[in-house]
Amino acid sequence: MNSTPIRVLVTKIGLDGHDRGSRVVAAYLRDSGMEVIYTPPWQTIENVISLAEQEDVDVIGVSSLATDHLIVPDLMSELKSANLHHVAVVVGGIVPDNEHDMLNKAGVSKIFGPGTSKEEIVKCVTELGTGARKYKIDEGDFF
Amino acid sequence: MIDNDHNSQNKKTTLKKLLSGDVALLARAITLLETGGTKADNLAYKISANAGEALVIGFTGTPGSGKSSLINCLVKLLRDQGEKVAVLAVDPSSPLSGGAVLGDRTRMGEHTSDRNVFIRSVAARGHLGGLSIAIPSIIDVVDAAGWPIIILETVGTGQSETEIMELADIKVVVNAPGLGDDIQAIKAGVLEIGDVLVVNKCDQPLSDSLVQQLKSMLELRSSEKKNIPIIATSATEDIGIQELDKTIKNISLNLGNEYKAIRQANRLKGNLWRKTEQLFRYRLKEINSKKIEDILHQLRNGIISNGDAAEIILNLCVDKE
Ligand SMILES: Nc1nc2c(ncn2[C@@H]2O[C@H](COP(=O)(O)OP(=O)(O)OP(=O)(O)O)[C@@H](O)[C@H]2O)c(=O)[nH]1
Ligand SMILES: [Mg+2]
């Protein structure tokens with residue numbers, strides 16, 4: 001009876017301001033019953049950490065069309081320092097093949113290239129979100 | 001679950017950390033309260049003793065009137081004065097999927113990394129009245145975690161949002177010109193609950209005439225409700241925010257000390273009512289379907305009235321088999 005929707009932060013870091021893609025994804029996730037915190041583009045990493053913490057999100061989706069994904073490794077390490085290692089990070093948009101490895105090594109859970117289906121995105125975010133939530137419950141049966 | 005010494009010691013430390021202002025814990029406590037269940041009830045119970053100090057300022061009004069933008073300006077002003085502020089922004093959930101895109105805080109982006117501002121987006125999750133069912137306990141936990149000012153933004157349904165009345169110490173009703181028929185705003189019950197009426201977007205044409213309409217509407221009221229302040233603001237041009245702040249401060253000064261006790265009693269009662277309703281709805285679902293069939297049968301055949309039937313159902317909810 002007491003299930004709670006997965007919470008996802010959909011955001012853009014870096015300089016690129018095209019946010020159509022992230023809007024579409026936000027709508028997908030909402031239509032699948034998730035709660036999406038949506039931000040305008042040009043967020044700093046500091047902002048993303050603060051948003052993830054205050055909104056207690058389970059997944060962060062970063063959209064990147066140009067070079068924004070290059071800052072994602074910084075985001076990953078800041079998340080760890082902020083004790084938010086349970087939050088899963090996915091990157092959507094255009095990431096050159098030879099840079100996937102670098103993102104995966106940094107701890108990114110999934111990269112969605114152009115043309116990824118709605119079903120695939122929803123399925124993956126649901127799994128990651130459920131995992132993050134479960135981790136928190138296991139770790140923090142605290143109140 | 002084994003509640004051994006170690007475990008309960010852990011819980012005590014966690015609660016202490018929460019009460020001393022750990023933001024990550026506060027965020028997770030809110031999620032727990034939203035989820036509901038026994039653990040949430042326990043948490044709500046444990047923190048209630050530490051709540052009741054914060055000033056709660058409620059913003060309600062027509063969708064798109066500028067509530068979030070105004071809150072952003074007010075937060076900026078309060079920060080300039082050195083205050084710590086928390087914002088709880090409620091947005092509607094989709095009735096179909098249960099999901100939501102929570103967008104209020106996009107208007108408050110400049111405060112995102114300020115550690116003295118806590119913003120939380122809350123989905124209404126199907127609760128009527130413009131607030132989520134967990135909001136009362138969420139207010140309590142934010143309060144207990146040491147946030148002295150809590151600004152609450154409700155879903156701008158424009159319908160009578162009575163719940164905000166009992167939760168907010170000061171109710172600000174936001175209107176704006178050009179949002180459909182002006183008379184609509186006047187018809188809807190929300191204006192009745194305002195301690196302050198704001199006409200936002202005063203940079204737009206027709207805002208003067210909206211101010212006039214509201215004034216003449218107040219004229220018709222009984223004398224003690226006549227003097228509600230009407231403030232023209234522009235969140236985008238930064239007009240009238242100081243006056244709004246001053247007005248809110250004046251009202252809060254006049255609330256007096258005995259007021260806190262009354263408010264806390266009202267909240268307690270409201271929480272009890274909501275919990276009882278929830279329990280009642282739950283019990284309704286538990287009633288043996290054969291018994292319901294039987295009652296429906298009698299109803300169809302005119303043996304009992306609708307009112308009688310409801311009375312029988314109510315009794316079934318009380319004496320559980
Ligand atoms: N011209 C003008 N536009 C404004 C003003 N305040 C807000 N807006 C614009 O009005 C639109 C809605 O503003 P919000 O602050 O999101 O309004 P809201 O009442 O919080 O909206 P909901 O939460 O969706 O009900 C945005 O496009 C704002 O930029 C104002 O004072 N003047
Ligand atoms: Mg809003």
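Residues numbered from 1 in each chain as written. Chains lettered and ligands numbered in written order. Predicted model: local features only at pLDDT ≥ 70, side-chain atom pairs only at ≥ 80, totals over all residues. Heavy atoms only, no water.

(A) Up close: the overall build of chain B. Along chain B, the regular secondary structure elements total 14 helices and eight strands. Evaluated residue by residue, chain B yields a buried proportion of 47% over its 321 residues. In chain B, the share of contacts with a sequence separation of at least 24, taken over all contacts with a separation of at least 6, comes to 76%. Accessible surface, chain B: about 15,900 Å² in total, of which carbon and sulfur atoms supply 53%. (Helix = DSSP H or I, 4+ residues; strand = E, 2+ residues; numbered from the N terminus. Buried < 20%, exposed > 50% of the residue type's maximum accessible area, 1.4 Å probe, protein only. Contact = heavy atoms within 4.5 Å. Areas by Shrake-Rupley, 256 points an atom, 1.4 Å probe, with all protein chains shown as cover.)

(B) Molecular detail of the nonpolar core. Residues and elements named next belong to chain B. In terms of nonpolar packing, the biggest core is built from 35 residues, with Leu18, Leu26, Leu43, Val141 and Val142 touching the most fellow members. For this core, the elements supplying multiple residues, two or more each, are α1 (5-19), α2 (23-35), α3 (38-48), β2 (85-91), β4 (117-123), α5 (135-144) and β5 (149-153). Counting residues per element, this core draws most heavily on α2, at seven residues. (Core = buried A, V, L, I, M, F, W, Y, C linked by side-chain atoms within 4.5 Å.)

(C) Looking closely at the side chain of B:Ser121. By the element assignment, B:Ser121 lies in strand β4. The contacts of B:Ser121, once residues within four sequence positions are left out, are A:Arg7, A:Ile37, A:Glu55, B:Ala89, B:Leu102 and B:Arg105.

(D) Region of the structure containing the confidence of the model for chain B. All names here are of chain B. Scored by pLDDT, chain B comes out at a mean of 87, with 89% of its residues at no less than 70. Of all secondary-structure elements in chain B, the lowest mean pLDDT belongs to helix α7 (residues 182-187), at 55, while helix α4 (residues 67-80) reaches the highest, 98. What the predictor reports for the complex is a pTM of 0.90 with an ipTM of 0.93. (pLDDT = per-residue confidence, 0-100.)

(E) Broad picture of the coordination of the magnesium ion (ligand 2). Residue and element names in this part refer to chain B. Coordination of the magnesium ion (ligand 2) by the protein involves Ser68 (OG), Asp104 (OD) and Glu153 (OE), with metal-donor separations of 2.0 to 2.1 Å. Sequence spacing of the donor residues for the magnesium ion (ligand 2), all on one chain, is S-x35-D-x48-E. Of the two residues, Asp104 sits in the loop between β3 (100-102) and β4 while Glu153 sits in strand β5, which places them 49 residues apart along the sequence. (Donors = N, O, S within 2.8 Å, 3.2 Å for Na, K, Ca; no water.)

(F) Layout of the sheet that holds strand β5 (residues 110-112) of chain A. The six strands lie next to each other as β5(A)-β4(A)-β3(A)-β1(A)-β2(A)-β3(B), forming an open sheet whose pairing is parallel. Among the strands making up the open sheet, the edge pair consists of β5 of chain A together with β3 of chain B. Ignoring strand direction, the axes of neighbouring strands in this sheet form an average angle of 25 degrees. Relative to β3(B), strand β2 (residues 35-38) of chain A is paired through three bridges, and the arrangement is parallel. What sits directly across from A:Ile37, in β3(B), is B:Leu102. With respect to the sheet, helix α2 (residues 45-54) of chain A is in contact with β1 (7-11) and β3 (59-64) of chain A, its orientation differing from that of β1(A) by roughly 165 degrees. (Pairing = 2+ DSSP bridges. Axes fitted to C-alpha atoms, helices over the stretch in contact; angles between N-to-C directions.)

(G) Structural view of the packing of α5(B) against helix α12 (residues 258-286) of chain B. Residue and element names in this part refer to chain B. Between α5 and α12, whose axes approach to 10 Å, the crossing angle comes to 140 degrees. In this view, α5 runs oblique relative to α12, as classed from their interaxial angle. Contacts between α5 and α12 involve Pro136, Ile139 and Asp140 from the first element and Gln264, Arg267, Asn271 and Arg274 from the second. Per-class residue counts for the contact of α5 with α12 are two nonpolar, two polar and three charged. (Parallel < 35°, antiparallel > 145°, perpendicular 65-115°, else oblique. Nonpolar A, V, L, I, M, F, W, Y, C, P; charged D, E, K, R; others polar.)

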